[in-house]
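Architecture and fold: a report
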Amino acid sequence: MKQVDFSSDRIGASMVKTIFPMLIAQLISLLYNIVDRIYIGRLPGVGTSALGGVGLCFPVVILVLGFSNLYGLGGQPLCAMERGRGNTRKAEQIMNTAYFLLLFTGVILTVLGEIFAEPILRAFGASSENIIYGLPYLRIYLTGTVFSMLATGLNPYINAEGYPRIGMITVLIGACLNLVLDPILMFPLHMGVAGAAVATVVSQAVSAAFVLWFLKGPKTELHLHLPGRDPLRHVSISEILSALRENIPVMGNIISLGAASFIMQITNSLVSIVCNRTLSIYGGDLYVSIMTVVSSVRQILDTPVLTIAEGTSPIISYNYGARKPRSIRKAIKLMCALAVAYTAVMWGLILIRPTMFIRIFSSDPEVLSHGGRCLYLYFFAFVFQALQYGGQTTFKALGKKNQAIFFSIFRKVILVVPLTILLPRFGSLGAEGVFLAEPVSNLVGGLACFITMLLTVLPEMKAMEAETKGERR
């Protein structure tokens, strides 16, 4: 499989080679994640309640993804920078430290999740009607936590090595398997919601196996193994523990840089909990189900813009390590232009035909009647989210963890959560106020993040360019 050369001056070509396979992978992954909801929403007689029950599991699913991103997207820029500096040994150390963290955290989350599954769903606002669907789904889903974290958390390192097509295949294997298993387990075998969860776990396990096979194989520049002194032979527990102690600074760097992605996921989980609890007060189970549909639509529409950002990130990081400011600036400009163009088109489609997106997940007349307007409100300032992603990805790719963390907290915790609680109380907004919190936060948070990035990163690139010219003289 051909490796993408991040050092090439043809930044646009490198971005296409990286983003296109990742986009295909993410779109397939999207099917992987939402196909459960598409089938669940059409279970005869119980679809709307079952959809609401599974929607209550989203915060836990998001939490698992948050830890995967903490170690995967946290270590990816560091790994790419070291590759840009020509330090392969250090890059491999970063990847293997992340590997241990993914395994360890996955086991802990599985155990805690299985013990506290029911109290967690009750705390999230589950009713006696929808918990009978949410609890079986969550318990089964949690058994695949380690598989999910390995597949999702190690894939960024495959991309950091310049193998986006392998990353695409990783996702393709699991997604296709899930698409095949879902309808078989749910309908002919009459497993219902539990069948959807079983299909997801099996698919995650196969994806994880493929990732491990590739990263332990001979084709990769960086080789995967538990922290130890020699990857080519068996290492003892004492050697692993000794290596882990030596790698504590590396763990700290991974976690501190990945904290931005982690906080973004955790705050998404927090927002989901607050939204569901507020909607259960102002709109009941119907609006909880509508929020599940709206969140699913958002997942669809977020995928391309997130792929543009994450596909550009290793290119920015590599060239930052190689001290090539012109390439960095060009990558940032192209990333932001593509993201804004895409979100503007999607924004327009939703303004014109919101119910078209609702029908993907539900044909319930009540959901269609109220869901169209909720979707319209929720996505009203979608284009400004591209600015948030552009600014935050740049901060993360350049290792600027403080800025990346701050803007993750600012948009979700400081803006969305208070607005979600307060807006329903204004006038007659009620449940619709929950959906209005998102466009307000996109406008304010997106502009703040993007403008800060321009004012801090561009001067640094000019200074780097001047230093590079001076060194050449």
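Everything below is about the structure printed above this text.
One structure accompanies this document, and this report is about it. (Residues numbered from 1 in each chain as written. Predicted model: local features only at pLDDT ≥ 70, side-chain atom pairs only at ≥ 80, totals over all residues. Heavy atoms only, no water.)

Things to note about helix 16 (residues 401-422)
What counts here: Strands are runs of DSSP state E lasting at least 2 residues, helices are runs of H or I lasting at least 4, and numbering of each runs from the N terminus. For a helix, the expected span equals 1.5 Å multiplied by the number of residues minus one. Bend, at a single residue, is the angle you get between axes fitted to the 7 residues ending at that residue and the 7 residues starting at it. For every residue, the accessible area (1.4 Å probe, protein chains only) is compared with the maximum for its type, and the residue is labelled buried under 20%, exposed over 50%, or partly exposed between those bounds.
Relative to the 32 Å expected for 22 residues at 1.5 Å per residue, helix 16 spans 30 Å between its end C-alpha atoms, a close match to the ideal helical length. The largest bend in helix 16 comes to about 35°, at phenylalanine 410. Taken residue by residue, helix 16 has Ala404, Phe407, Ser408, Phe410, Arg411, Lys412, Leu415, Val416, Val417, Leu419 and Thr420 as its buried positions.

Side note on the packing of helix 10 (residues 248-282) against helix 15 (residues 383-397)
The following threshold applies: The axes are straight lines fitted to the C-alpha atoms, using for helices just the contacting stretch, and the angles between their N-to-C directions are given from 0 to 180°. Here the word oblique covers every angle except those under 35 degrees (roughly parallel), over 145 (roughly antiparallel) and from 65 to 115 (roughly perpendicular). Residues count as neighbours in contact if any of their non-hydrogen atoms are within 4.5 Å of one another. Residue polarity follows a fixed list, in which Ala, Val, Leu, Ile, Met, Phe, Trp, Tyr, Cys and Pro are nonpolar, Asp, Glu, Lys and Arg are charged, and the others, Gly among them, are polar.
It is at 9 Å that the axes of helix 10 and helix 15 come closest, and there the two elements cross at 150°. Taken together, the axes of helix 10 and helix 15 are roughly antiparallel relative to one another. When helix 10 is examined against helix 15, the residues Leu257, Ala260, Ser261 and Met264 are found in contact with a partner set consisting of Tyr389, Gln392 and Lys396. Considered class by class, the residues forming the contact of helix 10 with helix 15 number 4 nonpolar, 2 polar and 1 charged.

Quick word on the side chain of asparagine 319
The topology assignment puts asparagine 319 in helix 11 (residues 285-321). Classification of asparagine 319 as buried rests on a relative accessible area of 0%. Residues in contact with asparagine 319, not counting those within four places in the same chain, are Phe6, Ile11, Lys324, Ser327 and Ile328.

Concerning the packing of aromatic side chains
Quick reminder of the rule: A pair of aromatic rings is counted whenever rings of Phe, Tyr or Trp (Trp by its six-membered ring) have centres within 6.5 Å, and the orientation is called stacked for planes under 30 degrees apart, edge-to-face for over 60 and tilted otherwise.
The tally for this structure, following the rule as stated, stands at 13 aromatic pairs. Considering the side-chain rings of phenylalanine 67 and tyrosine 71, the 6.5 Å spacing of their centres and the 40° angle between planes classify their relative orientation as tilted. A residue pair is termed a helical-turn pair when its members lie 3 or 4 positions apart in one helix, as phenylalanine 67 and tyrosine 71 do in helix 3 (residues 58-84) at 4 residues. By the burial criterion, phenylalanine 67 is buried, and tyrosine 71 matches it. Relative to phenylalanine 379, the ring of tyrosine 378 lies with its centre 5.3 Å away and its plane at 65°, an arrangement referred to as edge-to-face. Since its relative accessible area comes to 9%, tyrosine 378 is described here as buried.

Brief notes about the pattern of salt bridges
This is how it is decided: The working definition used for a salt bridge is a side-chain nitrogen of Lys or Arg within 4 Å of a carboxyl oxygen of Asp or Glu.
For the structure on display, the rule yields 14 salt bridges. We note a salt bridge from arginine 411 to glutamate 438, for which the minimum N-O separation is 3.3 Å. With arginine 411 in helix 16 and glutamate 438 in helix 17 (residues 432-472), this residue pair connects regions lying 27 residues apart in the sequence. Residues lysine 412 and glutamate 438 are paired through a salt bridge, measuring 4.0 Å at the closest nitrogen-oxygen approach. With lysine 412 in helix 16 and glutamate 438 in helix 17, the pair connects residues that are 26 residues apart, well separated along the chain. Like lysine 412, the residue glutamate 438 is buried in the burial classification. Among the charged side chains, a salt-bridge network with shared partners connects Arg298, Asp302, Arg411, Lys412 and Glu438.

Quick look at unusual backbone geometry
Residues other than glycine seldom take positive phi values, yet arginine 323 does so here, at roughly 55°. Position of arginine 323 relative to the elements: it lies in the loop between helix 11 and helix 12 (325-352).

Comments concerning the environment of isoleucine 358
Considering the arrangement of structural elements, one finds isoleucine 358 in helix 13 (residues 354-358). Under the relative-accessibility criterion, isoleucine 358 is labelled buried at 0%. With 70 residues separating them along the chain, isoleucine 358 and valine 288 place their C-alpha atoms 14 Å apart. Discounting chain neighbours no more than four positions away, the residues touching isoleucine 358 are Val293, Val367, Leu368, Gly371, Gly372 and Leu375.

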